[in-house]
Amino acid sequence: MFIGESSCLLAFKLIVLYRMCRKLPLDIGEQKFNPIVMLPPAMCDMCATSLMYMGLTLTYPSIFQMLRGAVVIFTGLLSVAFLNRRLHAYQWWGIFLVFVGLIVVGISDVVEPDPSQSQRPITNLITGDLLIVIAQIITATQMVIEEKFLSKYDVQPLQAVGWEGVFGFTVLSLLLIPFYFITPCAIRIDIPDCRLEDAPDAFHQLKNNPIIVIATVGTILSIAFFNFAGISVTREMSATTRMVLDSLRTVVIWVVSMMVGWEHFNWIQLIGFLILLVGTFIYNDAVFMPLYRRYLGGGDLETTPLLSPEADGTINYNNSVDIDNATKA
C-alpha cells in the first residue's frame, strides 16, 4: 500500500522535471512546508488499515465493506470539532440514517448469516465488526488532518500522497524487524516456526508464484491511483465528499462478489445498505435535498466553499462548507 503511495512522489518529481526541461510553468503549489506534517495521517492510515483487515478475518466480506460507511459519521463529527464546521439539520438526519443502516447491516450476519461462508462464533463476528468501526474513526481522523493541512498549504495531491507513502513505508519496514522475532506459537500452534510477520517468507512466495507478483503489482498501481484521486477530492472539495464517494464503491464490490459466487444475496444487508446510502446522500446534500428544495420550496442554502481559490491562485480556509459540491463530485 505504502509503496503505491510513495510512487506518487516519484510521479510528482518526474512532472516537475518535465516542466523544467520544457520551460513550462511549474504550478507545483506550496513548497515551503515541512513534509513531517504528513506523518500523522500516514500513521492513521497504517493503523486503520491494519484494524480493518484484522476485522475482516473475523467477519464476512460484505459486512466489512458496508461497515466502512461508518466513516461518514465520524468524519462529520470530527469536522465539527476540529474544522469549525456547522452542520445543518438535514445533515444530522443523514448521520442518523447512516447509523441506523450500519446497525441493520451489522445484525445481518447474526440473523441471516451467509451460507457460502463457514459459520463463525458470534463473538468473532461482533469483535470483527467493532474493529472495523474503530478503524473508521481513525480513518475519519486521517481525512480531517489531511483537509486541515491542505487548507493551510497549496500542496499538490501527488506530493502529499507521496510523502504519506514514504513515512508509512519507512515505519512499517522498521516494524518488520521486531515483528519477525515475535513468535505467537501459543496461539497458532498448527504453524511451525510461526512469526507475527515473516518478510523473508513473503519474498520467497513472490519468487515462486507469478500470480502473487501480478496481484501485488496490481495492488500497488490501484492504490497509487486511488489515493491520488481521493486526496484530490479532499483538496478541491472536502473530506466528507471523499468519504461519500468512497462508500459508493460498495455497490460495485457487492455486485461483483455475488456474480462470481463469493457472496449470496441477503435482504437484510440490502435494506441496511439502502438506508446507509440514503443517509449519505442526505448528509452530503445530494439528490434528495436538492429535489426537496426544487419541488417543495425548501429554499437555497447560503454556503461558502471550504477551499476557495483566490485571484492569485492561493487557497483560503473558510469555516463553512459548500455541501452542494457533492453534486459536482
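Owing to the predicted nature of the structure, the values given are computational and were not obtained by experimental measurement.

*Asks:* If you had to explain the overall build of the protein chain to someone new, which residues and values would you point to?
*Replies:* Scanning the protein chain from terminus to terminus reveals 14 helices and two strands. In the protein chain, which comprises 329 residues, the proportion classed as buried is 41%.

*Asks:* How would you sum up the packing of helix H4 (residues 71–82) against helix H6 (residues 122–152)? Please name residues and give values.
*Replies:* It is the contact of H4 with H6, at a shortest axis distance of 8 Å, that shows an interaxial angle of 45°. Considered as vectors, H4 and H6 are oriented oblique to each other. The two elements H4 and H6 meet at a crossing, and its hand is right-handed. Facing H4, whose interface residues are Val71, Phe74, Thr75, Leu78, Ser79 and Phe82, H6 presents Val133, Gln136, Ile137, Thr139, Ala140, Thr141, Val144 and Lys148. Of the residues in the contact of H4 with H6, the class split is eight nonpolar, five polar and one charged.

*Asks:* So what's going on with the packing of helix H1 (residues 2–21) against helix H7 (residues 157–180)? Which residues, and what values?
*Replies:* To characterise two packed helices, one gives the angle between the axes of the helices and the distance between these axes. It is at 6 Å that the axes of H1 and H7 come closest, and there the two elements cross at 140°. The angle between H1 and H7 falls in the class oblique. Where H1 crosses over H7, the two elements pack in a sense that is left-handed. Where H1 approaches H7, its residues Phe2, Ile3, Glu5, Ser6, Cys8, Leu9, Ala11, Phe12 and Ile15 are matched on the opposing element by Leu158, Gln159, Val161, Gly162, Trp163, Glu164, Gly165, Val166, Gly168, Phe169 and Leu172. Per-class residue counts for the contact of H1 with H7 are 13 nonpolar, five polar and two charged.

*Asks:* I'd like a description of the environment of Ile63, backed by residues and values.
*Replies:* Mapping Ile63 onto the fold places it in helix H3 (residues 61–67). Accessibility expressed as a relative area gives 0% for Ile63, which makes it buried.

*Asks:* Give a detailed account of a nonpolar patch on the surface, specifying residues and quantitative values.
*Replies:* On the surface, Val251, Val252, Val255, Val256, Met259, Val260 and Trp262 cluster together into a nonpolar patch covering about 680 Å² of accessible area. As for its position among the elements, Val255 is in helix H11 (residues 249–259).

*Asks:* Got a sec to walk through the UniProt feature "transmembrane region" (unreviewed entry) in the protein chain? Specific residues and values, please.
*Replies:* Here, UniProt's "transmembrane region" (unreviewed entry) annotation points to residues 63–83, 90–110, 122–145, 166–191, 211–231, 243–261 and 267–284. As a span, residues 63–83 carries 81% helix and 0% strand, and end to end its C-alpha atoms are 30 Å apart. The span residues 267–284 is 94% helix and 0% strand, and its two end C-alpha atoms sit 26 Å from each other.

*Asks:* Can you break down the side chain of Ser6 residue by residue, with the values?
*Replies:* With respect to the helices and strands, the residue Ser6 is situated in helix H1. Of the polar contacts made by the side chain of Ser6, one reaches the backbone oxygen of Gly165; its length is 3.1 Å. Among residues more than four places away in sequence, those in contact with Ser6 are Gly162, Gly165, Val166 and Phe169.

*Asks:* How would you summarise the environment of Phe33 if you had to cite specific residues and measurements?
*Replies:* Considering the arrangement of structural elements, one finds Phe33 in the loop between H1 and helix H2 (39–56). On the accessibility criterion, Phe33 (9% relative accessible area) is buried. For Phe33 and Tyr153, which are 120 residues apart along the polypeptide, the C-alpha to C-alpha distance reads 7.5 Å. Sequence-distant contacts of Phe33, defined by excluding residues within four places in its chain, comprise Phe149, Tyr153, Val155, Gln159 and Trp163.

*Asks:* Outline the environment of Ile126, supporting the account with residue identities and numerical values.
*Replies:* Note on placement: Ile126 falls in helix H6. Accessibility expressed as a relative area gives 44% for Ile126, which makes it partly exposed.

*Asks:* How would you explain the side chain of Glu5 if you had to name every residue and give the values?
*Replies:* Among the structural elements, Glu5 can be located in helix H1. On the basis of relative accessibility, which here comes to 0%, the residue Glu5 falls in the buried class. Here the side chain of Glu5 touches Gly165 through a polar contact of 3.5 Å, landing on its backbone nitrogen. With sequence-adjacent residues up to four places away left out, Glu5 is seen in contact with Asp45, Val161, Gly162, Glu164, Gly165, Ile223 and Asn227.

*Asks:* Describe H11, naming the residues involved and giving the relevant values.
*Replies:* All buried positions along H11 are accounted for by Thr250, Trp254 and Ser257. The arc that holds every buried residue of H11, seen down its axis, measures 65°, which confines them to one face. The outward face of H11, more than 90 degrees from its buried face, is lined by the exposed residues Val252 and Met259. Immediately downstream of H11, the backbone of Gly261 shows phi near 85°, a positive value.

Cut-off values and rules
Residues numbered from 1 in each chain as written. Predicted model: local features only at pLDDT ≥ 70, side-chain atom pairs only at ≥ 80, totals over all residues. Heavy atoms only, no water. Helix = DSSP H or I, 4+ residues; strand = E, 2+ residues; numbered from the N terminus. Buried < 20%, exposed > 50% of the residue type's maximum accessible area, 1.4 Å probe, protein only. Axes fitted to C-alpha atoms, helices over the stretch in contact; angles between N-to-C directions. Parallel < 35°, antiparallel > 145°, perpendicular 65-115°, else oblique. Left-handed = near helix turned anticlockwise from the far one by under 90°. Contact = heavy atoms within 4.5 Å. Nonpolar A, V, L, I, M, F, W, Y, C, P; charged D, E, K, R; others polar. Patch = residues over 30% accessible without salt bridge, like charges linked within 9 Å, V, L, I, M, F, W, Y side chains within 5 Å. Areas by Shrake-Rupley, 256 points an atom, 1.4 Å probe, with all protein chains shown as cover. Salt bridge = Lys/Arg side-chain N within 4 Å of Asp/Glu carboxyl O. UniProt positions renumbered as here; feature names shortened; annotations may be inferred. Polar contact = N/O pair within 3.5 Å; in protein donor to acceptor, adjacent residues only side chain to side chain. Arc of directions from axis to C-beta.

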